[in-house]
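For reference, the chains in residue letters:
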Amino acid sequence: MSSAGTAKSKQAATVPTNIEGNEVTPGSTKEQTGASSTVAVPQQPPRLDGSTAGQNIPSVNHVDCACTVEGEDQVDSYRLNSQTKPKPSCIKNFKHQLIFAFPEREEAPFDISARDEKRSHFFLYKYREAGRFHSGLAVLFTVIVDGRNYLLYCGNDEKLHFKEGERPVSIMSERSEFIFYQKAFSSGTSSFRFESSMKPDYYLAFQEEDNKQKLVLKYCPQGVFNEAIKLIII
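All figures in this text were calculated on a predicted structure; none of them were measured in a lab.

### Observations concerning the overall build of the protein
- Counting its secondary structure elements, the protein contains one helix and 16 strands.
- In the protein, buried positions account for 34% of the 234 residues.
- Here the analysis covers contacts within the protein between residues at least 6 apart in sequence; of these, 49% occur between residues at least 24 apart.
- Of the roughly 15,700 Å² of accessible surface on the protein, 50% is carried by carbon and sulfur atoms.

Here is the structure:
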């Protein structure tokens, strides 16, 4: 064989081919060089599961991003737990005196001899919190008197008041005059204490006013267990 024929055969042997045996034009695909031959590897489509296994992808700087669903950036601070429907409950102090609501007089005295039983029936609605965690359960007190619904709330004057209206489904503020945190009074007891979310360290309590034991808002620092804030739900 002539030297010209030998050169042509060597040139033909080094032409890259793909798996199907077709010639590959340089630059059209990525090439992977083996020990004995040169094989062109076609580009792989992205995997459906989002992984990069088996792909030669250039490295990029990782960027953290927070993905939110539309509408989730506006979350209620308190939202009514619609799965619970409270039953009427009575609240008494450690002297076994019941609370009776008199919204028309803006007071809730403790008494034993009161005749209007419905005034002693309170409904405790549970609320779920978003983004914050407390040691107590967020609750709202309502009472029905003469067919009207009233909400118990803490005023700016650090006193308790009643407001006519329906319970809110959601409350957007971080603190609410209507929300109280129900906590165990002490371990091993069935009694509770209710801390105002609007006025931290202020609790529902009973105190004598005008020769009556009334439901009031009383300051009680953490770590102090005053029996005046000890309430029993029955």
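### Focus: the nonpolar core
- Judged by nonpolar contacts, the single largest core of 24 residues is most densely connected at Phe122, Phe141, Phe180, Phe194, Leu204 and Leu215.
- Elements with a contribution of two residues or more to this core: strand S7 (122-129), strand S8 (137-145), strand S9 (148-154), strand S10 (160-164), strand S14 (202-209) and strand S15 (212-219).
- The element that contributes the greatest number of residues to this core is S8, accounting for four residues.
- Counting twelve residues, the second largest nonpolar core, distinct from the first, contains Tyr125, Tyr127, Phe178 and Tyr181.

### Details of the packing of aromatic side chains
- For the coordinates displayed, the defined rule picks out eight aromatic pairs.
- A centroid spacing of 5.2 Å and a plane angle of 70° characterise the contact between phenylalanine 141 and phenylalanine 194, whose relative ring orientation is edge-to-face. Note that phenylalanine 141 is positioned in strand S8 and phenylalanine 194 in strand S13 (residues 192-196), a separation of 53 residues in sequence.
- By relative accessible area, phenylalanine 141 is classed as buried at 1%.
- Here phenylalanine 194 falls in the buried class, since its relative accessible area comes to 0%.
- Judged by centre distance (6.4 Å) and plane angle (50°), the rings of phenylalanine 192 and phenylalanine 194 are tilted.
- Of the residues examined, phenylalanine 192 reaches a relative accessible area of 24% and is grouped as partly exposed.
- An aromatic cluster of three or more residues is present, and its members are Phe141, Phe180, Phe192 and Phe194.

### Some words on the environment of lysine 230
- Mapping lysine 230 onto the fold places it in the loop between S15 and strand S16 (231-233).
- For the pair lysine 230 and alanine 184, spaced 46 residues apart in the sequence, the C-alpha separation amounts to 9.1 Å.
- Ignoring anything within four residues of it in the chain, the contact list for lysine 230 reads Lys92, Asn93, Phe94, Phe185, Ser191 and Phe192.

### Details of the pattern of salt bridges
- Taken as a whole and assessed by the stated rule, the structure comprises eight salt bridges.
- Linking glutamate 107 and arginine 105 is a salt bridge whose minimum nitrogen-to-oxygen distance equals 2.9 Å.
- The class of glutamate 107 is buried, set by a relative accessible area of 11%.
- Looking at arginine 105, the relative accessible area reads 43%, which means it is partly exposed.
- Ionic pairing is found between glutamate 107 and lysine 214, a salt bridge with its closest N-O pair at 3.0 Å. Of this pair, glutamate 107 sits in the loop between strand S5 (98-99) and strand S6 (110-111) while lysine 214 sits in strand S15, and the two are 107 residues apart along the sequence. Grouping residues by exposure puts glutamate 107 and lysine 214 together as buried.
- Beyond isolated ion pairs, a larger network of salt bridges with shared partners links Arg105, Glu107, Asp210, Lys212 and Lys214.

What counts and what doesn't
- Residues numbered from 1 in each chain as written.
- Predicted model: local features only at pLDDT ≥ 70, side-chain atom pairs only at ≥ 80, totals over all residues.
- Heavy atoms only, no water.
- Helix = DSSP H or I, 4+ residues; strand = E, 2+ residues; numbered from the N terminus.
- Buried < 20%, exposed > 50% of the residue type's maximum accessible area, 1.4 Å probe, protein only.
- Contact = heavy atoms within 4.5 Å.
- Areas by Shrake-Rupley, 256 points an atom, 1.4 Å probe, with all protein chains shown as cover.
- Core = buried A, V, L, I, M, F, W, Y, C linked by side-chain atoms within 4.5 Å.
- Phe/Tyr/Trp six-rings, centres within 6.5 Å; stacked < 30°, edge-to-face > 60°.
- Salt bridge = Lys/Arg side-chain N within 4 Å of Asp/Glu carboxyl O.

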